[in-house]
Amino acid sequence: MTDVASSPALDFIAKTVAEHPVVVFMKGVPDQPRCGFSSVVVQILDHLGVEFIGVDVLQDDELRQGIKTFTDWPTIPQLYVKGEFVGGSDIVREMFQSGELKTFLIEQGVLAA
């Protein structure tokens, strides 16, 4: 049995969230989301003017399973800011609607006030 901690997918995920301030692991890419939940997160980040990268988990089964293992979160998309897991589509939408997301992004230094 292989050690989960050293899987190439988990290493890739850890490296990606460490190197990019805002990352969305999603189905599809930001220009062409392949599910409604991913589309919601992209629309919110675009609306706020946040620079982010999208990682298409549909390209690789190991990556799609790995991201769920990485955060112990069962659904995709997943938003990371400064290496920290923020949440999935529902959490991001609720934070956006309450104004909490914008405040959080400004506090993290990834969005201008």
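Just so it is clear, the model here is predicted, and its values are computed rather than measured.

A.B. asks: Give a description of the pattern of salt bridges that names residues and reports values.
C.D. replies: Side-chain pairing between opposite charges can occur once the charged atoms of the two side chains come close. Evaluated as defined, the whole model comprises three salt bridges. Of the charged contacts, one joins Asp-61 and Arg-64 as a salt bridge, the two residues approaching to 2.4 Å between their closest N and O atoms. Of the two residues, Asp-61 and Arg-64 both sit in helix α3 (residues 61-71), three residues apart, roughly one turn of that helix. Take Arg-64: its relative accessible area is 22%, and that puts it in the partly exposed class.

A.B. asks: Lay out the sheet that holds strand β6 (residues 84-87) in plain terms, naming residues and giving numbers.
C.D. replies: Taken in spatial order, the four strands of this open sheet run β4-β1-β5-β6, and their pairing is mixed. Each edge of the sheet is formed by a strand with only one pairing partner; in this case those strands are β4 (53-56) and β6. Taking the axes of each pair of neighbouring strands and ignoring which way they run, one obtains an average angle of 30° across the sheet. Where strand β1 (residues 22-26) lies against strand β5 (residues 78-81), four bridges are found, and the strand directions are antiparallel. Residue pairing for β5: Phe-25 is matched across the bridge by Gln-78.

A.B. asks: Please set out the nonpolar core residue by residue, giving values where relevant.
C.D. replies: If you look at the biggest cluster of nonpolar residues, it comprises 19 residues, and the most contacted ones within it are Val-22, Leu-45, Leu-79, Leu-101 and Leu-105. Contributions of two or more residues to this core are made by β1, α2 (36-48), β5, α4 (89-98) and α5 (100-107). With five residues, α2 is the single largest residue contributor to this core. If near-sequence neighbours (up to four positions away) are discounted, Leu-45 is found in contact with Val-22, Val-24, Val-50, Phe-52, Leu-79 and Leu-105. Within the second largest apolar cluster, eleven residues are counted, among which are Val-17, Val-55, Leu-63 and Ile-67.

A.B. asks: Quick rundown of the packing of helix α1 (residues 8-19) against α3? Include the residues and the values.
C.D. replies: Direction vectors running N to C along α1 and α3 enclose 65°, while the axes themselves pass 8 Å from each other. One element, α1, and the other, α3, form an angle in the roughly perpendicular class. The element α1 and its partner α3 pack so that their crossing is right-handed. Contacts between α1 and α3 involve Pro-8, Ala-9, Leu-10, Phe-12, Ile-13, Ala-14 and Val-17 from the former and Glu-62, Leu-63, Gly-66, Ile-67, Thr-69 and Phe-70 from the latter. Along the lines of polarity and charge, the residues of the contact of α1 with α3 split into ten nonpolar, two polar and one charged.

A.B. asks: Tell me about the pairing of β6, and please be specific about residues and values.
C.D. replies: In the sheet, β5 pairs with β6 via three bridges, with the strands oriented antiparallel. Paired with Val-81 across the bridge in β6 is Glu-84. In this structure, the hairpin formed by β5 and β6 is closed by a connection of two residues, where Lys-82 is found at a positive phi of approximately 55°.

A.B. asks: Can you explain the side chain of Ser-7? Please cite residues and give values.
C.D. replies: Following the sequence through the fold, Ser-7 ends up in the segment before α1. The buried category is assigned to Ser-7, whose relative accessible area is 16%. A polar contact of 3.1 Å, which involves the side chain of Ser-7, links it to the backbone nitrogen of Leu-10. Among the polar contacts listed, one links the side chain of Ser-7 to the side chain of Glu-62, at a separation of 3.4 Å.

What counts and what doesn't
Residues numbered from 1 in each chain as written. Predicted model: local features only at pLDDT ≥ 70, side-chain atom pairs only at ≥ 80, totals over all residues. Heavy atoms only, no water. Salt bridge = Lys/Arg side-chain N within 4 Å of Asp/Glu carboxyl O. Helix = DSSP H or I, 4+ residues; strand = E, 2+ residues; numbered from the N terminus. Buried < 20%, exposed > 50% of the residue type's maximum accessible area, 1.4 Å probe, protein only. Pairing = 2+ DSSP bridges. Axes fitted to C-alpha atoms, helices over the stretch in contact; angles between N-to-C directions. Core = buried A, V, L, I, M, F, W, Y, C linked by side-chain atoms within 4.5 Å. Contact = heavy atoms within 4.5 Å. Parallel < 35°, antiparallel > 145°, perpendicular 65-115°, else oblique. Left-handed = near helix turned anticlockwise from the far one by under 90°. Nonpolar A, V, L, I, M, F, W, Y, C, P; charged D, E, K, R; others polar. Polar contact = N/O pair within 3.5 Å; in protein donor to acceptor, adjacent residues only side chain to side chain.

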